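# Descriptive structure summary
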Amino acid sequence: MIFINTASNTTGLFKPFFPITLPYGIGFLMAILKQYKIYFNYVDQQLNSSPMLEINEFVKNHSKPYIFCISTLTESCFSAITLSKQLKTKYPDCITIMGGLHPSSMPEEVLSNENVDYVFMGEAESNIVEIYHKLKSGLSINDMRGIAFRKNGAVFINDAPELIMNLDSLPPFPYELFRKTKKYNFGHMISSRGCPYNCSFCCVKAVGKRKYRYKSAGNTVSELELLATDFKQKEIAFFDDNFLANKPRILELCEAIRKSKYLKNCTYSFQARSRDLTHDILQEMYASGFKTVFFGIETVSEKILKNIGKDETLEEIKTAIAVSKKIGFKVMANFIYCLPEETKAIRSDCVNFALENKIEVVKFNNVVPYPDTSLYEQTLKEKKLSVKPNYSNFNSQLVMVRPAWKKINFPYLPEGASSFSMRNEILFSYFKIYFNFHRLKKIFSDKNWGGAIFSFGNSNWDVVKKIPVIFLLVLDFTLKFSLMFISIFSAKGISARECLKVFYHFYKKI
Ligand code: B12
Ligand code: SF4
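Residues numbered from 1 in each chain as written. Chains lettered and ligands numbered in written order. Predicted model: local features only at pLDDT ≥ 70, side-chain atom pairs only at ≥ 80, totals over all residues. Heavy atoms only, no water.

## Here's the deal with the overall build of the protein
Scanning the protein for helices and strands turns up 20 helices and 17 strands. Relative to the compact-globule value of 24 Å for 510 residues, the protein shows a C-alpha radius of gyration of 23 Å, a close match. Dimensions of the protein, computed from C-alpha atoms along their principal axes, come out at roughly 75 × 55 × 45 Å. Out of the 510 residues in the protein, the part that is buried amounts to 54%. Taking the contacts inside the protein whose residues are at least 6 apart along the sequence as the reference set, 72% of them involve residues at least 24 apart. Put simply, the protein shows about 23500 Å² of open surface, and 57% of that area lies on carbon and sulfur atoms. The average position of the 67 basic charges and that of the 48 acidic charges among the side chains of the protein differ by 5 Å. (Helix = DSSP H or I, 4+ residues; strand = E, 2+ residues; numbered from the N terminus. Rg over C-alpha atoms; globule rule 2.2 N^0.38 Å. Buried < 20%, exposed > 50% of the residue type's maximum accessible area, 1.4 Å probe, protein only. Contact = heavy atoms within 4.5 Å. Areas by Shrake-Rupley, 256 points an atom, 1.4 Å probe, with all protein chains shown as cover. Lys, Arg positive; Asp, Glu negative; His and termini not counted. Charge placed at Lys NZ, Arg CZ, Asp CG, Glu CD.)

## Quick look at the layout of surface pockets
Of the volumes computed, that of the second largest pocket is approximately 430 Å³. What lines the second largest pocket is a set of 14 residues, among which L355, K432, N436, H505 and K509 lie closest to the centre. Those elements giving two or more residues to the lining of the second largest pocket turn out to be α13 (344-356), α17 (437-445) and α20 (496-509). When residues of the lining of the second largest pocket are assigned to their parent elements, the largest contribution, six residues, is made by α20. In the lining of the second largest pocket, the residues fall into four nonpolar, four polar and six charged. (1 Å grid on protein atoms, 1.4 Å probe; cavity = no way out; pocket = protein on both sides within 12 Å on 5 of 7 lines; lining within 4 Å. Points joined across faces, edges and corners; volume = space filled by probe spheres on them. Nonpolar A, V, L, I, M, F, W, Y, C, P; charged D, E, K, R; others polar.)

## As for helix α6 (residues 128-136)
I128, V129, I131, Y132, K134 and L135 are the residues of α6 that are buried. Structurally, α6 contributes buried residues whose contacts are with β1 (2-5), α1 (24-35), β4 (67-71), β5 (95-99), β6 (118-120) and β7 (147-151). Within two residues after α6, G138 carries a phi angle of roughly 75°, on the positive side.

## Section: the pairing of strand β13 (residues 235-238)
Two elements, strand β10 (residues 188-189) and β13, share two bridges in a ladder whose sense is parallel. Bridging across to β13, H188 finds its partner in A237. In terms of strand pairing, β13 meets strand β14 (residues 267-272) through three bridges, oriented parallel. Directly across from A237, in β14, lies its bridge partner S269. Note that the unit made of β13, helix α9 (residues 247-259) and β14 has a crossover that is right-handed. (Pairing = 2+ DSSP bridges. Right-handed = clockwise from strand over helix to strand, strands pointing away.)

## Considerations on the pairing of strand β15 (residues 290-298)
Counting buried residues along β15, eight of its nine residues qualify, which places the element largely inside the surrounding structure. Where β14 meets β15, five bridges bridge the pair, whose relative direction is parallel. Looking across to β15, one finds that A272 is bridged to F295. For the segment spanning β14, helix α10 (residues 279-287) and β15, crossover handedness is right-handed. Bridge analysis of β15 against strand β16 (residues 330-337) gives six bridges, and the strand direction is parallel. By the bridge assignment for β16, F295 is matched with A333.

## Points about the packing of helix α2 (residues 52-59) against helix α3 (residues 77-90)
Taken N-terminus to C-terminus, the directions of α2 and α3 make an angle of 45°; their axes are 12 Å apart at the nearest point. By the angle class used here, α2 and α3 are oblique. For the crossing formed where α2 meets α3, the hand is right-handed. The segment α2 lies against α3, with M52, I55 and N56 engaging L83, Q86, L87 and K90. Split into classes, the residues belonging to the contact of α2 with α3 amount to four nonpolar, two polar and one charged. (Axes fitted to C-alpha atoms, helices over the stretch in contact; angles between N-to-C directions. Parallel < 35°, antiparallel > 145°, perpendicular 65-115°, else oblique. Left-handed = near helix turned anticlockwise from the far one by under 90°.)

## Focus on the packing of helix α16 (residues 419-434) against helix α19 (residues 467-486)
Put simply, α16 and α19 touch, their axes get as near as 10 Å, and they point 110° apart. By the angle between their directions, the pair α16 and α19 is classed as roughly perpendicular. Touching R423, N424, L427, F428 and F431 of α16 are K480, F481, L483, M484 and F485, all from α19. Per-class residue counts for the contact of α16 with α19 are seven nonpolar, one polar and two charged.

## A few points about the sheet that holds β16
A sheet is described by the order of its strands in space; here six strands give the open sequence β10-β13-β14-β15-β16-β17, paired in parallel fashion. The sheet is open, and its two borders are formed by β10 and β17 (361-366), each paired with just one other strand. The strands touched by α16 within the sheet are β16 and β17, with β17 carrying the most contacts at an inclination of about 180°.

## Structural notes on the site of ligand 1
Lining the immediate surroundings of ligand 1 are 37 residues, of which S71, T74, E125, D241 and Y370 lie closest. Taking S71, its side chain carries an N or O atom lying 2.7 Å from a nitrogen atom of ligand 1. Between a nitrogen atom of ligand 1 and a main-chain N or O atom of G100, the distance comes to 3.4 Å. Here the shell around ligand 1 takes four residues from α1, the largest share from any one element. (Near = heavy atom within 4 Å. Polar contact = N/O pair within 3.5 Å; in protein donor to acceptor, adjacent residues only side chain to side chain.)

## Observations concerning the sheet that holds β6
One open sheet holds the seven strands; their spatial order is β3-β1-β4-β5-β6-β7-β8, and the pairing between them is mixed. A single partner strand is all that each edge strand has here, and the edge strands are β3 (41-44) and β8 (154-157). Across the sheet, the mean angle from the axis of one strand to that of its neighbour is 20°, orientation sign disregarded. Sheet contacts for α2: β1, β3 and β4; angle to β3, the most-contacted strand, approximately 175°. In this fold α6 packs onto β1, β4, β5, β6 and β7, with an angle of close to 145° to the strand it touches most, β4.

## Things to note about α10
All buried positions along α10 are accounted for by I281, L282 and M285. Taken end-on, α10 shows its buried residues confined to a sector of 100°, consistent with a single buried face. Along α10, exposed side chains directed more than 90 degrees from the buried face belong to D280 and A287. Next to the buried residues of α10 lie α9, β14, β15 and α12 (314-327). After α10 finishes, the residue G289 shows a positive phi value of roughly 115°. (Arc of directions from axis to C-beta.)

Structural data, given as structure tokens:
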């Protein structure tokens, strides 16, 4: 079996500033094959954007039929489809299976592509060995749970596979497989899966089915210890969708972390919902090394918070931020612009909220109504969803990653907003937050500023290597922000008064 983790250039010029993280989806599946002593290889498009040469070398050690397991998200599905075509052209009798979030959400659409033989929907750890043996023996997998397939031109979708309820039953994540290249960053881990909530824009339920499952404290600590000792990681970011969905497990985890002699100098970041963050739990976490908390605030409109099913109030968000800051946490937050019923005033309130509550790192994303979400259904029904070929506009950071001279096609725009006005508003939101002497000083002086997600690098040499791309970014930003300032003269532009206020505050602070 050959596993392929597909990727697309979602981050544009910012790519060198993001760590290359392990391909977790295929990693968990390879751990199972390793346990069963089944021979496999993997390629990762994050490291090699044209992996056919690498694949051609690997197949030499595999018996026929070659089985290619391709993992993809929505924005990378074009890469996945392109690759399946290249594979079928080069190895016509190979078998291609596509899995991951996007195929799990859109099996019919993916199977409309003749180069994809099967789609697997959901978690595949319990099925991957059977899939391997059946396909290698020439048997059909059409009766297996989780499989979607084509027959006589029609697509058939079987029942979803069973979820892995006990994550401790899985073999350890095979970190050592990824050591062969020095490019991966090992400072991340996933200690739970699924999220019981049902936010209208969030697609994680396509795989996790809203069932929260977690590794025991002992198992999580062993994995952290491995990362801290063998992989020399001192700052570890938890990638769990909803880290705090079960409080007793967090308290147990904190205690186990504190008892570990290998984790004395480690710090952690995590993402959580405000409602789950009480003073007692935060204090316990801080004492155990958790130092950064990431909130998905999304919006400051109570009505929209309700519409999108966030199930938390602005007051709860405010309190959670205040308590976190008081205890000493670094607070990072995400806002989502372009939500239905959102107005310019609401967007402006979001920026002011971030300033008033002194949030250290703030991101302003445009909404992406991913397939298999209620927002997707709603916007599609209203005929307001704009899907560019191959989902090329399904990116939440369009304004930042698209070059200044390219028109932005937002997947959805609320009433009254245009692509031009939204671009200016998002840029202005960033300007208002970051055109601040102290913040800029912090960004350039604190190597941990981006909380294990964004970094200039650990050494001066890392920064030096980035000089060419920093130069291009400065050019791109100069152009973007110049266009934003010029928009003062247009009806859909930003306000000159607001702009002057930001400059005034900047000069007052230095
Ligand atoms: C960790 C993570 C990241 C990491 C690491 C990604 C990586 N290297 O794989 C980082 C931070 C780099 C990242 C980046 C991005 N991410 Co991300 N990320 C996640 C997160 C939190 C966990 C993913 C994960 O590892 N889950 C655990 C594994 C076990 O689950 P899994 O990948 O689904 O795999 C299982 C099954 O799907 C199946 N399976 C998977 N592949 C295959 C293949 C075959 C053949 C078979 C049989 C089965 C199978 O078996 C696996 C084991 O059970 C998810 C949220 C989530 N819950 O999925 C968001 C999420 C996947 N990311 C998302 C997005 C949008 C992105 C970015 C596009 C963001 C951006 N604008 O840059 C980039 C794209 C990166 C890329 N590869 O192109 C969205 C995806 C939405 C979508 N429909 O596409 C999610 C759902 C977040 C969200 N709520 O919106 N991400
Ligand atoms: S709380 Fe987070 S992970 Fe859970 S459904 Fe909402 S956005 Fe998705």
